[in-house]
Amino acid sequence: LETNAFSITFWVNFNGTHGTSSVYVKIPKFILYEKKIDFLSPITKADETLANDEYRSLNYLSSHWDQSFGVGCVKPLGFIKEYNAIITERIQGDFFFERYRQSDLSNRYKEKEHDPVVLGMFNFGKSLRAFHSQTEVISKFKAEEVFSKLNLYINFLKNCDISYQYFDNLLHTISKYKDFECSALIVNNFKGIDVRQIFINQDNALLIIDPGKISRGYSEVDLARFIVTCRILYWGTFAIFFKTSPNRSYEEMFLSGYYDSNRPPT
């Protein structure tokens, strides 16, 4: 079994007269604060919500995600309600974020014209734009509507032993924009948009393995979420002690693909 804060996973191989096939089993579960992981512990309502949201999103992406840009999504095969288990095809490949780190540390994006990571970032931007365009509705963004949420986060973080001065400066800065308004697009976006939730296979195609919950929101929400996960690429590694952060050219290539799909990567 493999476990993380929100799931228990494993794979199963089937051997038969027609060869071998593999499936991947994921059991969404809130185990972030559990001292002991019990595979047979009761399924909670929160666990069920996690699983239902993810399975609906996988099914939605499988029929609405444009795969013509070299980016696809894992294929859902079934859902076993009794065990809260999502069954998907098993992906053979590498975590994209690991290839991303290798590329960034070796500076291959400067030496190799067609670095799979650079192309992947560009193509993922194009794919995400195509996905958003299917459901976009013109709306208006009002900064005052998100200020209450920002204040909620700030008040929470103030209790996490972080300097008050930092938050005071932050509040002073954003308060200048409380009356800001502009035209914006509302789209279907997904909470699990994360560079750590993407695989890259031997053909250098990308595959989304966990889209999270799909909901309605501003298109920039997905862009911001994805870029943040790119900027914390080295968290959990020794490189963070040297204040290492990825070169911004990668996220620029992602945004280039999103906003201008006709621009070839360089």
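Residues numbered from 1 in each chain as written. Predicted model: local features only at pLDDT ≥ 70, side-chain atom pairs only at ≥ 80, totals over all residues. Heavy atoms only, no water.

As a further point, take the sheet that holds strand 3 (residues 19-28). Note: strands within a sheet are paired through backbone hydrogen bonds, in either parallel or antiparallel orientation. Here we have five strands laid out as an open sheet, ordered 1-2-3-6-5, and antiparallel in their pairing. Only two strands of the sheet have a single neighbouring strand rather than two, namely strand 1 (2-4) and strand 5 (76-80). For this sheet the average axis-to-axis angle between neighbouring strands, irrespective of direction, equals 25 degrees. One ladder, built from three bridges, connects strand 1 with strand 2 (residues 7-16); its direction is antiparallel. Counted as the bridge partner of Thr3 is Ile8 from strand 2. Along the sheet, helix 1 (residues 45-64) contacts strand 3, strand 5 and strand 6 (85-89); its crossing angle with strand 5, the most-contacted strand, is approximately 155 degrees. (Pairing = 2+ DSSP bridges. Helix = DSSP H or I, 4+ residues; strand = E, 2+ residues; numbered from the N terminus. Axes fitted to C-alpha atoms, helices over the stretch in contact; angles between N-to-C directions. Contact = heavy atoms within 4.5 Å.)

This brings us to the confidence of the model for the protein. Averaged over every residue, the pLDDT of the protein is 87; residues scoring 70 or more account for 92%. The secondary-structure element of the protein with the lowest mean pLDDT is helix 3 (residues 108-111), recorded at 54, while strand 5 shows the highest, at 96. (pLDDT = per-residue confidence, 0-100.)

As a packed pair, helix 7 (residues 219-231) and helix 8 (residues 249-259) sit with axes 10 Å apart at the nearest point and diverge in direction by 160 degrees. The orientation of helix 7 with respect to helix 8, classified from their angle, is roughly antiparallel. Remark: the crossing between helix 7 and helix 8 carries right-handed chirality. Contacts between helix 7 and helix 8 pair Ser219, Leu223, Phe226, Ile227 and Arg231 from the former with Glu251, Phe254, Leu255, Tyr258 and Tyr259 from the latter. The class makeup of the residues in the contact of helix 7 with helix 8 is seven nonpolar, one polar and two charged. (Parallel < 35°, antiparallel > 145°, perpendicular 65-115°, else oblique. Left-handed = near helix turned anticlockwise from the far one by under 90°. Nonpolar A, V, L, I, M, F, W, Y, C, P; charged D, E, K, R; others polar.)

The tally for this structure, following the rule as stated, stands at 19 aromatic pairs. Taken together, a centroid distance of 5.4 Å and an interplanar angle of 25 degrees make the contact between Tyr55 and Phe79 stacked. In this pair, Tyr55 sits in helix 1 while Phe79 sits in strand 5, placing the two residues 24 residues apart along the sequence. Plain terms: the ring middles of Phe131 and Phe190 are 5.7 Å apart, the flat faces sit at 75 degrees to each other, and that makes the pair edge-to-face. Within this pair, whereas Phe131 is found in helix 4 (residues 116-133), its partner Phe190 is found in strand 9 (residues 181-190), the two being separated by 59 residues in sequence. Overall, the relative accessible area of 1% leaves Phe131 in the buried class. Look at Phe190 and you get buried, because its relative accessible area is 1%. Put simply, the rings of Tyr60, Trp65, Phe124, Phe131, Phe190, Phe226 and Phe254 pair up and form one aromatic cluster. (Phe/Tyr/Trp six-rings, centres within 6.5 Å; stacked < 30°, edge-to-face > 60°. Buried < 20%, exposed > 50% of the residue type's maximum accessible area, 1.4 Å probe, protein only.)

A few words now on the pattern of salt bridges. Between side chains of opposite charge, a pair can form as their charged atoms come close. Enumeration according to the criterion identifies twelve salt bridges in this entry. Measuring nitrogen to oxygen at the nearest pair gives 2.8 Å for the salt bridge that ties Asp53 to Arg56. Within this pair, Asp53 and its partner Arg56 are both found in helix 1, separated by three residues, close to a single helical turn. Classification of Asp53 by relative accessible area gives buried; the value is 14%. One salt bridge connects Arg129 with Glu136, and the closest N-O pair in it is separated by 3.1 Å. Taking the relative accessible area as the measure of exposure, Arg129 reaches 25% and is therefore partly exposed. Salt bridges sharing common partners tie together Lys26, Glu54 and Asp210. (Salt bridge = Lys/Arg side-chain N within 4 Å of Asp/Glu carboxyl O.)

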